[in-house]
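Listed here are the chains, written in short residue letters.
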Amino acid sequence: MTKRNLPLAGFKVLDLSRILAGPWCTQLFGDLGAEVIKIESPEGDGTRQWGPPFFDGKSAYYLSANRNKKSRVLDFKNPGDLAVLKGLLQSADVLIENFRAGTLDKFGLDGASALKLNPQLIYCSIHGFEQCSDWGAKPGFDALIQAMSGLMSITGTEEGEPVKVGVAISDILAGLYAGNAILAALLERQHSGRGQLIEIPLFDTQVTCLANVVSNFLTSREVPKALGSAHPNIVPYQCFATLSQPVMIAVGTDKQFASLCQVMAVDWHQQDDYRTNPRRVENRHRLVPLIQALMLTRTRDEWLAIFSAGDFPHGPVNDLGDLYDHPYTKESGLFLTLDDGRTPAVRNPIRFSRTPLDRYESPPELNGHPDAKFDCLDE
């Protein structure tokens, strides 16, 4: 399939972002067929040096978020380079940036100035905090956002120290929200013919994505605690130790709980204290130890064999080595190599029926496309 057949073929994205949130969004647009030009300083995106590990001279971190793009170095402080960038801006559909608030104003690249140059431009800014707030000029790295948003307070165990999620989830979520917002703005532009400014604050995004946990707090005013692998609203929904490795049990309905009890040869689902999920949550302190004691009588593989006769979500706790060898991973082709035939990557999870995403160009070398401009579609 050529780029012409992909869903966003013909759209032109100017990527002035660095690190992860912005690049994650622009990589998604590149996967979907948009033409993405990554504008870098002479030093390049900082993640180019975030290693080891490195693969063919590129950091694994950089590789994770920068495929399907071209790289062009332009120094904003150089009048000639700045003029080139403003020329690219005038033919772009989308511009994404995550500079500290006020930085781009110095060069006439702020949102208001950009819309004067290109009234149809969708200009998306990703920052730590809303720019018009007192916090607008403060930096917003992912770990800080995880801490300040409350996410770290509910991650880990109640007895342990606060723990951040193992990936930069605040950045990734902001990138996904940015992608949704930009697509919505592009649809609106079809009717109005006008561009607009979009702001995606990392802090606001992460608080929003606390989902049921923040809703629990707002409705009860009870400050939630870290529960390890357990769920605040569903029981049993957590990992249990066995004689070997742990097993995850994710019972979401009363029917599934009955199935769990049946294969474990117990009658807890018939007892009033555990018959319904609200009662199981109320009596978590009694039910969970009962399940745990029974789980410790067999190994993980023995329990998985027993659970296979039931009808409830369960499975092993895989590490990435296990994941790589998992039958589903092999069947789905989740891991692949990019178009160079060497660089490993993870396949885009979106599955279209008519326009499959099969464009996987290797992340560019720094200034790998020194004359990059927005061209006609590939034939």
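Keep in mind that this is a model prediction, so the values were computed, not measured.

Chemist: Please set out the nonpolar core residue by residue, giving values where relevant.
Modeler: Counting 26 residues, the largest nonpolar core has Phe-29, Val-94, Ile-96, Cys-124, Ile-126 and Ile-182 as the members making the most contacts within it. Those elements giving two or more residues to this core turn out to be helix H1 (21-31), strand E6 (94-97), strand E7 (122-127), helix H6 (169-192) and strand E8 (196-201). At five residues, H6 tops the list of elements feeding residues into this core. Apart from the residues lying within four places of it in its own chain, the contact partners of Phe-29 are Leu-8, Val-13, Ala-34, Val-36, Val-94, Gly-179, Ile-182 and Leu-183. In this structure, Leu-88, Leu-89, Leu-109 and Tyr-123 belong to the second largest nonpolar core, which totals 21 residues.

Chemist: Any details on the sheet that holds strand E10 (residues 247-250)? Residues and values, ideally.
Modeler: The strand order across the open sheet built from three strands is E9-E10-E11, with neighbouring strands paired in antiparallel fashion. Taken across any chain shown, the strands that pair with only one partner, and hence form the sheet edges, are strand E9 (237-240) and strand E11 (314-316). The average undirected angle you get between the axes of adjacent strands in this sheet is 20°. Bridge count for E9 against E10 is four bridges, and the pairing is antiparallel. Each residue of the ladder has a partner; that of Tyr-237, found in E10, is Ala-250.

Chemist: Account for the pairing of strand E2 (residues 35-40), with residues named and values stated.
Modeler: Among the six residues that make up E2, six are buried, leaving the element largely enclosed by the rest of the structure. Across the two faces of E2 the burial is the same, with Glu-35, Ile-37 and Ile-39 and Val-36, Lys-38 and Glu-40 all buried. Summarising the sheet, strand E1 (residues 12-16) and E2 pair through four bridges and their orientation is parallel. Paired with Asp-15 across the bridge in E2 is Lys-38. Once the chain exits E1 it traverses H1 before rejoining the sheet at E2, and the crossover so formed is right-handed. Across four bridges, the pairing between E2 and strand E5 (residues 70-73) is parallel. The residue of E5 that forms the bridge with Ile-37 is Lys-70.

Chemist: Tell me about the packing of H1 against H6, and please be specific about residues and values.
Modeler: The geometry of H1 relative to H6 is characterised by a closest axis approach of 7 Å and an angle of 50° between their N-to-C directions. Here H6 runs oblique to H1, going by the angle between their axes. Like other packed secondary-structure pairs, H1 and H6 cross with a definite hand, here right-handed. Residues Ala-21, Trp-24, Cys-25, Leu-28 and Phe-29 of H1 form the contact with H6, whose own contacting residues are Asp-171, Ile-172, Ala-174, Gly-175, Leu-176, Ala-178, Gly-179, Ile-182 and Leu-183. Within the contact of H1 with H6, the residues separate by chemical class into eleven nonpolar, two polar and one charged.

Chemist: Describe H6, naming the residues involved and giving the relevant values.
Modeler: Here H6 spans 34 Å end to end across 24 residues, near enough to the 34 Å set by a 1.5 Å rise per residue. All of the buried residues in H6 are Ser-170, Asp-171, Ile-172, Leu-173, Ala-174, Gly-175, Ala-178, Gly-179, Ile-182, Ala-185, Leu-186 and Arg-189. Looking at the packing, one finds that the buried side of H6 touches H1, E6, E7, helix H5 (142-148), E8 and helix H7 (202-208). Gly-193 lies just past H6 and shows a positive phi near 75°.

Chemist: Give a detailed account of the packing of aromatic side chains, specifying residues and quantitative values.
Modeler: This model, assessed by the stated rule, comprises seven aromatic pairs. Consider the rings of Tyr-324 and Phe-335, whose centres lie 5.4 Å apart with planes at 20°: the pair is stacked. Here Tyr-324, found in helix H13 (residues 320-325), pairs with Phe-335, found in strand E12 (residues 335-337); they are eleven residues apart in sequence, far enough to count as distant. For Tyr-324, a relative accessible area of 46% translates into the label partly exposed. Pairwise contacts between aromatic rings join Phe-76, Phe-99 and Phe-107 into one cluster. Directly above the aromatic system of Phe-99 lies the positively charged group of Arg-18, at a separation of 4.0 Å from the ring centroid. The side chain of Arg-298 reaches across the aromatic face of Trp-303, ending 5.5 Å from its centre.

Here is what the cut-offs are and how they apply
Residues numbered from 1 in each chain as written. Predicted model: local features only at pLDDT ≥ 70, side-chain atom pairs only at ≥ 80, totals over all residues. Heavy atoms only, no water. Core = buried A, V, L, I, M, F, W, Y, C linked by side-chain atoms within 4.5 Å. Buried < 20%, exposed > 50% of the residue type's maximum accessible area, 1.4 Å probe, protein only. Helix = DSSP H or I, 4+ residues; strand = E, 2+ residues; numbered from the N terminus. Contact = heavy atoms within 4.5 Å. Pairing = 2+ DSSP bridges. Axes fitted to C-alpha atoms, helices over the stretch in contact; angles between N-to-C directions. Right-handed = clockwise from strand over helix to strand, strands pointing away. Parallel < 35°, antiparallel > 145°, perpendicular 65-115°, else oblique. Left-handed = near helix turned anticlockwise from the far one by under 90°. Nonpolar A, V, L, I, M, F, W, Y, C, P; charged D, E, K, R; others polar. Expected span 1.5 Å × (residues − 1). Phe/Tyr/Trp six-rings, centres within 6.5 Å; stacked < 30°, edge-to-face > 60°. Lys NZ or Arg CZ within 6 Å of the ring centre and 35° of its normal.

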